Amino acid sequence: MPNLSQIKRKRMLEFLEKIKEEHKNDDEMLIALGEIESELNAKKYGLVWEEHEEKVDVQMRTHIPVFTEVKEREIAAVPDKPYNFLLEGDNLHSLYLLEKTHKGKIDVIYIDPPYNTGNKDFVYDDSFVDSTDGFRHSKWLSFMEKRLQIARNLLSDRGVIFISIDDNEQAQIKMLCDSIFGFDNFICNFIRTNKTGSGHDARDISIEYDYMLFYAKDKKQVKLAQQIVDTENDKKYKYSDEFVETRGKYYLRDLDYKGSYSPSLDYPINVNGIDVYAGGKYGKPNTWRWSKQKVEWGFENGFIIIDERKQKIYIKQYQYVDNNNNVRERRLPYNAQIKFLNSAGSTELKDILTQSIFSFPKPTSLVEFAINLLEEKDINVLDFFAGSGTTAHAVINSNAIDGGNRKFILCTNNENGICEEVTYPRIKTVITGKRADDSTYSDGLPANLKYYRTDFVARAEEYLSDALLEHIAEMIQLEHGVKIDGSQYLMVMSDAEADELQKHFGEYSGVKALYVSKNVLLTTEQLKTFDGIEIHIIPDDYFKFELKEEGQAW
């Protein structure tokens, strides 16, 4: 059958060519016709929406986002351990800067974006988007697409992203992610039971679930942690024999098999002079699970038991060994249906803040489940819709449980004081064990944290390079997870500073790294003096692109 859309498109393109010929000397007309042609030739399958621009996009035309550290909010609880980061500001600005320090370095992204329910949960350009907005979905998709494009760039080759969402935008974001990450890199759509009850608040159908999409940067490079079956506490292993010390307890499985018939497995087994068939005493066609040779091995090695009264033969399924007497760990696939209740998240947060000032926080166990799906425990975790700080809590918890070295970066705005009054206090309480009112929450789970706030430098700044240079320390600290403290970690920004450091280097102890401007040429003597110390050249590309745009770099 003909492709009617293709036929119609071809007819319109042919007509455009005639118009182009008639206006071949009119540059403005040709440009306009070229734009029409591009739209006609654009992809015809996939998610289509009206593209919108945000104020934060417009702002970057005249200003360059930078980070400014809020030093009084630093938490240094574990010497010699890397820092985690809380970035306050619009997450598009934070992602823009993270692309300079963490491109290809993030291993796990978990986000819980606005669900766009139409019930004042999604703010676009300082206004709530409600159900009457005809561009409600287009605005949300424009908002998400910009951020997910950068998110993909941030992911390492083994990296993965988890996105919590509900029915309002699940179909749309699935198609958007297929486009950005590739359908072949889709791993799973977890269906999460998020509440239980009789659904008295529902009019017709009680919705007690939402979703968590799971994508990879490159699915072939993702290694999931294996889910081990806990046989130790499995009550079906209730029998013991002389092998209990090495094989554990066992349960009984029928040796006869009621699946598809195989003639080679339909043979008699002699029990006290009587031939027993899988099909019973009348020899109905049926099969045993094991071959005749394997059954003989089973008798010899105590893996088979006979119930003479029933004339039944059983396999002994042991806890610690498989049916070849090899030590085993029973591994199971993960189930796409999961249960992590929102009520648990609310209880956790209220226990920390002692008041309910944040709606629908995700439970820590959900994020722990996500990040622990990966085998690796030395990973960078990013959440750029950080909300109440659940991801930070989950990372700190997971490290405490298994000794991992996971680091987190959280991005959130400060709308209604959320970053200052919810996210930061929660992280601080988890680390120190003390609530804001100084009451005891726990013994504390020590970690280090730096708090940055998004700031801006005007592109029209006369000394733009110098103005940006004032924020280089924040970028170095963010990229390397350190504190430029003038003691263990030092910045060297000029030849004069290098000379001064060499002169007084004997007064320093425990120097771990130098971060040296590319404009500094260390002498042979200085390199000898700094021998054994990590030396990092401060990269051009922190702000080189912006300086080039403004004609202040080449």
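Residues numbered from 1 in each chain as written. Predicted model: local features only at pLDDT ≥ 70, side-chain atom pairs only at ≥ 80, totals over all residues. Heavy atoms only, no water.

Chemist: Could you give an account of the overall build of the protein, with specific residues and numbers?
Modeler: The helix and strand tally for the protein stands at 17 helices and 25 strands. Its C-alpha atoms give the protein a radius of gyration of 32 Å, more than 25% over the compact-globule value 24 Å for 554 residues. The principal-axis extent of the C-alpha atoms belonging to the protein is close to 105 × 80 × 55 Å. Of all 554 residues assigned to the protein, the portion counted as buried reaches 45%. Taking the intrachain contacts of the protein between residues at least 6 apart in sequence as the baseline, contacts between residues at least 24 apart amount to 71%. With the model as given, the accessible surface of the protein reaches about 30000 Å², and the carbon-plus-sulfur share is 49%. Between the mean site of the 71 positive side-chain charges and the mean site of the 92 negative ones, the protein shows a separation of 9 Å. (Helix = DSSP H or I, 4+ residues; strand = E, 2+ residues; numbered from the N terminus. Rg over C-alpha atoms; globule rule 2.2 N^0.38 Å. Buried < 20%, exposed > 50% of the residue type's maximum accessible area, 1.4 Å probe, protein only. Contact = heavy atoms within 4.5 Å. Areas by Shrake-Rupley, 256 points an atom, 1.4 Å probe, with all protein chains shown as cover. Lys, Arg positive; Asp, Glu negative; His and termini not counted. Charge placed at Lys NZ, Arg CZ, Asp CG, Glu CD.)

Chemist: Which residues make up the sheet that holds strand β16 (residues 304-307), and what values do they have?
Modeler: Ordered by their spatial adjacency, 3 strands build an open sheet running β11-β17-β16, and the pairing between neighbours is antiparallel. Sheet topology places β11 (250-254) and β16 at the edges, where each strand pairs with a single neighbour. Neighbour to neighbour, the strand axes of the sheet diverge by 40° on average, direction disregarded. Pairing between β16 and strand β17 (residues 312-318): 4 bridges, direction antiparallel. Looking at the pairing, Ile 304 lines up with Ile 315 of β17. (Pairing = 2+ DSSP bridges. Axes fitted to C-alpha atoms, helices over the stretch in contact; angles between N-to-C directions.)

Chemist: Hey, could you go over a negative patch on the surface for me, with residue numbers and the actual values?
Modeler: The grouping of Glu 461, Glu 462, Asp 466 and Glu 470 at the surface amounts to a negative patch. In this fold, Glu 462 is placed in the loop between β22 (448-458) and α13 (464-469). (Patch = residues over 30% accessible without salt bridge, like charges linked within 9 Å, V, L, I, M, F, W, Y side chains within 5 Å. Salt bridge = Lys/Arg side-chain N within 4 Å of Asp/Glu carboxyl O.)

Chemist: Which residues make up helix α12 (residues 418-432), and what values do they have?
Modeler: For α12, built from 15 residues, the straight-helix expectation of 21 Å at 1.5 Å per residue is met to within 8% by its first-to-last C-alpha distance of 20 Å. Of all the bends in α12, the greatest reaches close to 30° and is centred on Tyr 424; the proline Pro 425 follows between one and four positions later. Of all 15 residues that make up α12, 11 are buried, and the element is covered over most of its length. Looking at α12, one finds that the buried residues are Ile 418, Cys 419, Val 422, Thr 423, Tyr 424, Pro 425, Arg 426, Ile 427, Thr 429, Val 430 and Ile 431. Gly 433 sits one or two residues past α12 and shows a positive phi near 85°. (Expected span 1.5 Å × (residues − 1). Bend = angle between axes of the 7 residues up to and from the residue.)

Chemist: Tell me about the pattern of salt bridges, and please be specific about residues and values.
Modeler: The full count for this structure, using the stated rule, is 32 salt bridges. Across the pair Glu 420 and Arg 73 runs a salt bridge whose closest N-O atoms are separated by 3.4 Å. Taken together, the residues span a long stretch of sequence, with Glu 420 in helix α12 and Arg 73 in the loop between β1 (63-69) and β2 (75-76) at a distance of 347 residues. In this structure Glu 420 comes out as partly exposed when scored by relative accessible area, which is 29%. Residues Glu 420 and Arg 453 are paired through a salt bridge, measuring 3.1 Å at the closest nitrogen-oxygen approach. Placement of Glu 420 in helix α12 and of Arg 453 in strand β22 is noted, with a sequence separation of 33 residues between them. Judged by its relative accessible area of 30%, Arg 453 falls in the partly exposed class.

Chemist: Could you give an account of the packing of aromatic side chains, with specific residues and numbers?
Modeler: Applying the stated criterion to the full structure yields 21 aromatic pairs. Ring centres of Tyr 209 and Tyr 211 lie 5.7 Å apart, and the angle between their planes is 75°; on these two criteria the pair is classed as edge-to-face. You can call Tyr 211 buried: its relative accessible area is 12%. Taken together, the ring pairs in this structure connect Phe 162, Phe 190, Phe 214, Tyr 334, Phe 340 and Phe 369 into an aromatic cluster. Sitting over the face of the ring of Tyr 250, Lys 316 holds its NZ or CZ atom 5.1 Å from the ring centroid. (Phe/Tyr/Trp six-rings, centres within 6.5 Å; stacked < 30°, edge-to-face > 60°. Lys NZ or Arg CZ within 6 Å of the ring centre and 35° of its normal.)

The analysis is restricted to geometry; functional conclusions fall outside its scope.
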